[in-house]
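Structural characterization, general
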Amino acid sequence: MYHYDYPRPALSTDAVVHDVRENRILLIRRKNEPFKGQWALPGGFVEEYELPADACRREMKEETNLDLTGEKMLGVFAEKGRDPRGWMVSVSFYFCLKEQLSPRAGSDSSEALWFPLTELPDLAFDHLKMVQAAGLIE
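Residues numbered from 1 in each chain as written. Predicted model: local features only at pLDDT ≥ 70, side-chain atom pairs only at ≥ 80, totals over all residues. Heavy atoms only, no water.

It is worth spelling out the overall build of the protein chain at this point. Broken down by element type, the protein chain carries two helices and seven strands. Each helix (α) and strand (β) of the protein chain, taken in turn from the N terminus, gives the series β-β-β-β-α-β-β-β-α. Scaling as 2.2 N^0.38, a compact globule of 138 residues should have a C-alpha radius of gyration of about 14 Å, and the protein chain matches this with 15 Å. Overall, the protein chain is about 50 × 25 × 25 Å in size when its C-alpha atoms are taken along their principal axes. Evaluated residue by residue, the protein chain yields a buried proportion of 43% over its 138 residues. Taking as baseline every contact in the protein chain between residues at least 6 positions apart, the subset at least 24 positions apart corresponds to 69%. Put simply, the protein chain shows about 8,100 Å² of open surface, and 50% of that area lies on carbon and sulfur atoms. (Helix = DSSP H or I, 4+ residues; strand = E, 2+ residues; numbered from the N terminus. Rg over C-alpha atoms; globule rule 2.2 N^0.38 Å. Buried < 20%, exposed > 50% of the residue type's maximum accessible area, 1.4 Å probe, protein only. Contact = heavy atoms within 4.5 Å. Areas by Shrake-Rupley, 256 points an atom, 1.4 Å probe, with all protein chains shown as cover.)

Further remarks concern helix 1 (residues 52-64). An α-helical turn contains 3.6 residues, so a residue and the one three or four places further along point in the same direction. Its 13 residues place the ends of helix 1 18 Å apart at the C-alpha level, agreeing with the 18 Å of an ideal helix rising 1.5 Å per residue. The set of residues buried in helix 1 consists of Ala53, Ala55, Cys56, Arg58, Glu59, Met60, Glu63 and Thr64. Following helix 1 by one or two positions, Asn65 has its phi on the positive side, about 65 degrees. (Expected span 1.5 Å × (residues − 1).)

This part is about the environment of Ala15. Locating Ala15 in the fold gives a position in strand 1 (residues 10-19). Note: C-alpha distance between Ala15 and Val131 (116 residues apart in sequence) is 9.3 Å. With sequence-adjacent residues up to four places away left out, Ala15 is seen in contact with Leu41, Pro42, Cys56, Met60, Phe93 and Phe95.

Burial within strand 1 is extensive, with eight of its ten residues counted as buried. Here strand 1 pairs with strand 6 (residues 88-97) via ten bridges, running parallel. Looking at the pairing, Ala15 lines up with Phe93 of strand 6. Sheet topology note: the strand 1/strand 4 (residues 43-45) ladder contains three bridges and is antiparallel. From the neighbouring strand, Ser12 faces strand 4, where its bridge partner is Phe45. Sheet analysis places strand 1 next to strand 2 (residues 24-30), joined by two bridges and oriented antiparallel. (Pairing = 2+ DSSP bridges.)

As structure tokens, this is what we get:
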């Protein structure tokens, strides 16, 4: 096995799920630290050799019980300090929904709810930047 002399980031993924009919997004209330109890986009760590889009869909299912497809990559978020656990790079995806779906909290979430874009709570990590990157708010 090869040993790297230089640090490498952890890889995660996050989803901006937009219900276009009601102009709202899906958020989860975090069950664990960091940001325990705060609202965040669904997402989590990419497993070894897993594609980020596959990880995003898997995390979505685990945290909201929704099976979604048709994602489009929004961007890569890697600013220093975006995650208090250390160097974390997140690949963010956008899901556009045209039908009403009912999420349910799952493994790492205590709640999964829709929020109107005009009434977003404070979001954990840099998730507000991801919503902005989707062009949903300024």
